[in-house]
Number of protein chains: 2
Amino acid sequence: MVEVTKAILGSYFHAPTYGEITYVQNALILMNTQGVIESILVPGDEDYQQTVEEHRQNNQLKELRKDQYLLPGFIDTHIHAPQWPQAGIALDAPLNIWLDEHSFPLEAKYADVGFAREVYTDLVQQLLARGTTTALYFGTIHKESNLELVKISAEMGQRALVGKVVMDDKEGNPEFYRDESTEVALRETEEFIQEVREYGKNVPQGVYPVVMPRFVPSCTDEALDGLGKLAKKYDTHVHTHCSEGQWEHDFVKERFGKTDTETLRDFGLFGEKSVMAHSNFINDNDAGIYVETGTAVAHCPISNVYFANSVIPIKHLKELEVQIGLGTDISGGFSPSLYDNIKQAVMSSRQLEEGVDTNLPQSERGVPNSRISVAEAFYLATTGGGEALDLPLGLIEPGYTGDFQIVDTQIAGHELPSFNVFDEPEYLLQRILYLSTQANIQEVYVQGRRVHKR
Amino acid sequence: MVEVTKAILGSYFHAPTYGEITYVQNALILMNTQGVIESILVPGDEDYQQTVEEHRQNNQLKELRKDQYLLPGFIDTHIHAPQWPQAGIALDAPLNIWLDEHSFPLEAKYADVGFAREVYTDLVQQLLARGTTTALYFGTIHKESNLELVKISAEMGQRALVGKVVMDDKEGNPEFYRDESTEVALRETEEFIQEVREYGKNVPQGVYPVVMPRFVPSCTDEALDGLGKLAKKYDTHVHTHCSEGQWEHDFVKERFGKTDTETLRDFGLFGEKSVMAHSNFINDNDAGIYVETGTAVAHCPISNVYFANSVIPIKHLKELEVQIGLGTDISGGFSPSLYDNIKQAVMSSRQLEEGVDTNLPQSERGVPNSRISVAEAFYLATTGGGEALDLPLGLIEPGYTGDFQIVDTQIAGHELPSFNVFDEPEYLLQRILYLSTQANIQEVYVQGRRVHKR
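Quick caveat, the model's predicted, so the values are computed rather than measured. (Residues numbered from 1 in each chain as written. Chains lettered and ligands numbered in written order. Predicted model: local features only at pLDDT ≥ 70, side-chain atom pairs only at ≥ 80, totals over all residues. Heavy atoms only, no water.)

**A closer look at the overall build of chain A**
If you tally the helices and strands in chain A, you get 16 helices and 16 strands. Over its C-alpha atoms chain A spans a radius of gyration of 22 Å, differing by no more than 12% from the 22 Å that the globule rule assigns to 454 residues. In terms of overall dimensions, chain A has a C-alpha envelope of 65 × 60 × 40 Å along the principal axes. A total of 454 residues make up chain A; the buried ones form 68% of that total. Pairs at least 24 apart in sequence give 72% of the contacts found in chain A among residues at least 6 apart. When the accessible surface of chain A is summed, it comes to about 15,100 Å², and 46% of that surface belongs to carbon and sulfur atoms. Here chain A contributes 37 positively and 67 negatively charged side chains, and the mean placements of these two sets differ by 4 Å. (Helix = DSSP H or I, 4+ residues; strand = E, 2+ residues; numbered from the N terminus. Rg over C-alpha atoms; globule rule 2.2 N^0.38 Å. Buried < 20%, exposed > 50% of the residue type's maximum accessible area, 1.4 Å probe, protein only. Contact = heavy atoms within 4.5 Å. Areas by Shrake-Rupley, 256 points an atom, 1.4 Å probe, with all protein chains shown as cover. Lys, Arg positive; Asp, Glu negative; His and termini not counted. Charge placed at Lys NZ, Arg CZ, Asp CG, Glu CD.)

**Some points on helix H2 (residues 95-108) of chain A**
Those residues of H2 of chain A not exposed but buried are Trp 98, His 102, Ser 103, Phe 104, Leu 106, Glu 107 and Ala 108 of chain A. Residues of H2 of chain A that are buried sit in contact with strand E6 (74-80), helix H3 (113-129) and helix H10 (301-307) of chain A together with helix H16 (425-435) of chain B.

**Observations concerning helix H6 (residues 221-234) of chain B**
Residue and element names in this part refer to chain B. The end-to-end C-alpha separation of H6 is 20 Å, in line with the 20 Å expected for 14 residues at 1.5 Å each. Those residues of H6 lying buried are Ala 223, Leu 224, Gly 226, Leu 227, Gly 228, Leu 230, Ala 231 and Tyr 234. Taken together, the buried residues of H6 touch strand E8 (159-166), helix H5 (182-200), strand E9 (207-213), strand E10 (237-242) and helix H7 (246-256). (Expected span 1.5 Å × (residues − 1).)

**Focus on the pattern of salt bridges**
Across all of its chains, the model carries 48 salt bridges over all chains by this definition. Taking the shortest distance from any N to any O, the salt bridge between Asp 221 of chain B and Arg 255 of chain B comes out at 2.7 Å. Of this pair, Asp 221 of chain B sits in helix H6 while Arg 255 of chain B sits in helix H7; the two residues are 34 residues apart in sequence, bridging distant segments of the chain. Classification of Asp 221 of chain B as partly exposed rests on a relative accessible area of 34%. Here Arg 371 of chain B makes a salt bridge to Glu 353 of chain B, at a shortest N to O gap of 2.9 Å. Of this pair, Arg 371 of chain B sits in the loop between helix H13 (362-365) and helix H14 (374-381) while Glu 353 of chain B sits in helix H12 (residues 338-354), placing them 18 residues apart in sequence. In the salt-bridge network here, residues are joined through shared partners; they are Lys 143, Glu 183, Arg 187, Glu 191 and Glu 195 of chain A. (Salt bridge = Lys/Arg side-chain N within 4 Å of Asp/Glu carboxyl O.)

**Concerning the pairing of strand E12 (residues 296-299) of chain B**
All names here are of chain B. Along E12, one buried face is formed by Ala 296 and Ala 298 and the opposite face, lined by Val 297 and His 299, is buried too. Across 3 bridges, the pairing between strand E11 (residues 274-278) and E12 is parallel. Residue pairing across strands places Ala 277 opposite Ala 298, the latter belonging to E12. Taken together, E11, helix H9 (residues 284-293) and E12 constitute a β-α-β crossover, and its handedness is right-handed. Examined bridge by bridge, E12 and strand E13 (residues 323-326) share 4 bridges and lie parallel to one another. Bridge assignment links Val 297 to a residue of E13, and that residue is Ile 324. (Pairing = 2+ DSSP bridges. Right-handed = clockwise from strand over helix to strand, strands pointing away.)

**Re empty space enclosed by the protein**
This structure, assessed with the given rule, holds 5 cavities of 30 Å³ or more. For the largest cavity, the calculated volume is near 580 Å³. For the lining of the largest cavity, the secondary-structure elements that each account for two or more residues are helix H12 (338-354) and helix H16 (425-435) of chain A together with H12 and H16 of chain B. Classifying every residue of the lining of the largest cavity gives 17 nonpolar, 16 polar and 8 charged. (1 Å grid on protein atoms, 1.4 Å probe; cavity = no way out; pocket = protein on both sides within 12 Å on 5 of 7 lines; lining within 4 Å. Points joined across faces, edges and corners; volume = space filled by probe spheres on them. Nonpolar A, V, L, I, M, F, W, Y, C, P; charged D, E, K, R; others polar.)

**Side note on unusual backbone geometry**
Residues and elements named next belong to chain A. With an omega of -5°, the peptide bond running from Ile 330 to Ser 331 counts as cis. Along the chain, Ser 331 falls in the loop between strand E13 (323-326) and H12. Within the chain, Asn 26 stands out as a residue other than glycine whose phi angle is a positive 50°. Along the chain, Asn 26 falls in strand E2 (residues 22-31). Positive phi, normally seen in glycine, also occurs at Ala 90, with a value near 60°. On the secondary structure map, Ala 90 appears in the loop between E6 and H2. Residue Ala 90 is classed as buried on the basis of its relative accessible area of 6%.

**What about the interface of chain A and chain B?**
Counting residues at the interface gives 64 residues for chain A and 64 residues for chain B. Summed over both partners, the interface of chain A with chain B buries about 5,900 Å², with 57% contributed by carbon and sulfur atoms. When the area that chain A buries against chain B is broken down by residue, the three leading residues are Asp 92, Val 356 and Phe 419 of chain A, summing to 12%. Summed over the shared surface of chain A and chain B, the result is 0 salt bridges. Our count for the contact surface shared by chain A and chain B stands at 26 residue pairs in polar contact (both at pLDDT 80 or more). Elements represented by at least two residues in the side of chain A that touches chain B include exactly H2, H3, H10, H12, helix H13 (362-365) and H16 of chain A. (Buried area = accessible area lost by both parts, 1.4 Å probe. Polar contact = N/O pair within 3.5 Å; in protein donor to acceptor, adjacent residues only side chain to side chain.)

**Quick word on the confidence of the model for chain A**
Confidence along chain A averages 97 in pLDDT terms, with 100% of residues attaining 70 or more. This complex was scored by the predictor with a pTM of 0.98 and an ipTM of 0.97. (pLDDT = per-residue confidence, 0-100.)

**Digging into the relation of the copies chain A and chain B**
The two copies are related by a screw motion: chain A maps onto chain B through a turn of 180° and a shift of 0.0 Å along the axis, at an RMSD of 0.0 Å. The relationship between the two copies is best expressed as a two-fold rotation axis. A share of 100% of interface residues in chain A that are also interface residues in chain B marks the association as one of identical surfaces. (Least-squares fit on C-alpha atoms with pLDDT ≥ 70 in both.)

**Observations regarding the packing of helix H5 (residues 182-200) of chain A against helix H6 (residues 221-234) of chain A**
All names here are of chain A. Look at H5 against H6: their axes get within 10 Å of each other, and the N-to-C directions meet at 20°. On the basis of their axis angle, the class for H5 and H6 is roughly parallel. The crossing of H5 and H6 is right-handed. Here Thr 182, Leu 186, Thr 189, Glu 190, Ile 193, Gln 194 and Arg 197 of H5 come into contact with H6, specifically with Glu 222, Ala 223, Gly 226, Leu 227, Leu 230, Lys 233 and Tyr 234. Taken together, the residues that form the contact of H5 with H6 break down as 6 nonpolar, 4 polar and 4 charged. (Axes fitted to C-alpha atoms, helices over the stretch in contact; angles between N-to-C directions. Parallel < 35°, antiparallel > 145°, perpendicular 65-115°, else oblique. Left-handed = near helix turned anticlockwise from the far one by under 90°.)

**A closer look at the side chain of Thr 382 of chain B**
Residue and element names in this part refer to chain B. Along the chain, the position of Thr 382 falls in the loop between H14 and helix H15 (383-389). Exposure remark for Thr 382: the relative accessible area of 0% places this residue in the buried category. Separated by 2.8 Å, the side chain of Thr 382 and the backbone oxygen of Phe 378 make a polar contact. Residues contacting Thr 382, with those up to four places away along its chain left out, are Pro 72, Gly 73, Phe 74, Ile 75, Leu 393 and Gly 394.

**Considerations on the packing of aromatic side chains**
The description of an aromatic ring pair rests on the distance of the ring centres and on the angle between the ring planes. Taken as a whole and judged by the stated rule, the model has 36 aromatic pairs over all chains. Arranged with centres 6.0 Å apart and planes meeting at 40°, the rings of Phe 104 of chain B and Tyr 177 of chain B form a pair that is tilted. Taken together, the residues Phe 104 of chain B in helix H2 (residues 95-108) and Tyr 177 of chain B in the loop between E8 and H5 connect sequence positions 73 residues apart. Looking at Phe 104 of chain B, the relative accessible area reads 7%, which means it is buried. Judged by relative accessible area, Tyr 177 of chain B falls into the buried class, the value being 1%. Ring pairing ties together the aromatic residues Trp 98, Tyr 306, Phe 307 and Phe 334 of chain A together with Tyr 434 of chain B, which thus form one cluster. The ring centre of Phe 115 of chain B lies 4.9 Å from the NZ or CZ of Lys 109 of chain B, which sits over that ring. Taking NZ or CZ as reference, Lys 318 of chain B lies 4.6 Å from the ring centre of Tyr 18 of chain B, over its face. (Phe/Tyr/Trp six-rings, centres within 6.5 Å; stacked < 30°, edge-to-face > 60°. Lys NZ or Arg CZ within 6 Å of the ring centre and 35° of its normal.)

**Remarks on the packing of H12 of chain B against H14 of chain B**
Residues and elements named next belong to chain B. One can describe the packing of H12 onto H14 by two numbers: an axis separation of 9 Å at closest approach and a directional angle of 130°. The angle between the axes of H12 and H14 places the two elements in the oblique class. As H12 packs across H14, the resulting crossing turns out to be right-handed. Between H12, through Ile 342, Ala 345 and Val 346, and H14, the contact on the second element is made entirely by Val 374, Ala 377, Phe 378 and Ala 381.

**A few points about the pairing of strand E15 (residues 441-446) of chain A**
Residues and elements named next belong to chain A. Counted residue by residue, E15 has 6 buried out of 6 residues, so it is predominantly covered. Two elements, strand E14 (residues 404-408) and E15, share 4 bridges in a ladder whose sense is antiparallel. Its bridge partner lying in E15, Val 407 is registered against Ile 441. Here E15 pairs with strand E16 (residues 449-453) via 4 bridges, running antiparallel. By the bridge assignment for E16, Tyr 445 is matched with Arg 450. The loop that links E15 with its antiparallel partner E16 comprises 2 residues; one of these, Gln 447, has a positive phi angle of about 50°.

Structure (structure tokens):
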């Protein structure tokens, strides 16, 4: 395990307040031995120069070069790790074909831990290379392969939250890929929680077990009830899908006579450490339940284009003070990059505001006042992710973990445009978020340790 | 000027038929001294092996390696070259702020040919690196800087179609950035046509002058009429914006009592070599005018999200047999990559089909049967671009120009997922289009000459 970098000297962007960007120039960020930010000195502070010099002399200082900028590590609050081989595949097919002929047979292959190791090792590396320092992973039904994902993330230095997926309903799931029984599903979930907790004791950046029903339609009442009890017993994170598409939303109402949100809450699956993927169709009463329970939305804008039959009203939900993080939803979303999802979050909100159908008068086309800014989308990928997971992540401030990405805007062959126009910090960040690719991410740090170098 | 590569041996994808992908394995593509494809041999052809050997021995053979694939060069049918420094900037601002405080002051700077040279040299290189081998460029009002763009493209090996922008209406344009007078605008357009024609005689891949009113609202009737006559006199390409957003669409109807399409046609600006950017709001009668005149649409899906107040019904227009190419529309669109626009073309069509507003019943939300496939979007970026420009581009077939991009799916540090699942050619191309970045583009050829190497 590499050592903690004691100090980083550079200029950084982060978003302490929703919709506002803070830019700090030539800051000296000091981290403790646990890789947590202890203090930040800026030019003008009395001991700034001396402290810089001390760390320089002790070779404890990482200095950013010209054209390099520090951003918080991104937080992916919803990603199906086993679906990485399916990224970009068959998105033109209807959902049932996409699932039954692609996703489910693929996920079934993770009964083979060797296959899991191969895919998960590549995925974690690819996410780190794109600046994703924390990921909330959907696994498969296979306990051993999920443990493999936990260990691979831990060893590669990424902060991982992983769940053993529960899909026990014999009606709702294919015979070739479902839990053997409700009892086995619950027992293996409990064992998985205990084993990850034990293993995690020696993982500096942390690994976390997650209670994870696939979604209501794939689970029996007994399983949902049992998972709620396990979440309470072990105070774990909870993650599932909620009101993603029209079909799911209507199915749950039909089955329980109440919304997906009310159903999941009543099974004990809502709480401070609960994250619900998508949530496109929640109403204001549902949103109130998210707020009062501290449950967060994992917004997956690219995936939603293909599978959510709508655009989630992010601006409205933020006004209701719902916690919202950003997710790639591999492979419902094709891109493993949160940069791509930041852009799509902005674009989808514009399409919600403007509407789509040119045959309608402009006044009837969209939903006015729905757009979000790129600064707001950046908040979702950083600060919002930390809020969603209830962990000190996403900000560059004392008490937060040392999770960073160093973006170089002038990497040879991948230079961002720069002609001494629009060079205010605000525009600089816009350029980074809209135009940089993985090739511009020079280094990535998790919990103060460098985990990726270009 | 580098020499023509006589032969390329590799597997390629292209789209001779809308919506269908053709994959040819281990093809030997033979080019003549003009860089035009002369013949294509495939394994099994009588003289295949012998011809391969001959070119190998004469060092005239470019052989693709394992995991490398050949695609046609992409064709950007709408890009504002001077706005490259503005890419990704201020997209949260309203259109008037975006234009008056950003685009127009920026475009005004191209009175300085030195500034133009700096920006255009970078832009052409960046486009080639992303596989764009042909571009239809909006320039500025400045004849000299436009000529600079023509020469830079010619020297760097890109096929460029360039226009001197006409915006002569004193009401419709800011005093600091508009043509001195209608008469000067028309005279300089004619001089520009003559000078580019003369210069182009020695450019193997071709450079083309384009008649280019900015859009109807920025031009006087006299200018539009004069430009129509110049287009006819010199048989040039014509390029402008048509029915992009609600405001423009309504403004033209108000001013002329007919649609933007009818107006431009009546000024003599529609024809086989005419390309209209956006065209989101054209009706079926307008579409009929596009078809009967051979005028094409330049679809710019990313830009449309920000500035077109709608999604253009591409599937419907293709059913009406309108020619459609793809464009980046830098900087209304933030991305210089047609890969990104292929993805957004698919995503926007899905949002048109599904609709956006969760408060509406699903049946009233969108426009059924509007989605296009990634194969259809790929056609727009290649074959469709060739149709739009009325040039032999976008296909890998005898008689077409040797414009190629070599995509390497396993570049170190930028490997596309590959775990021996979903490895059919159809899925391989989907992965390339959805997941590859500039870093995966190993080499680019225009008219048989290599113009970019990673």
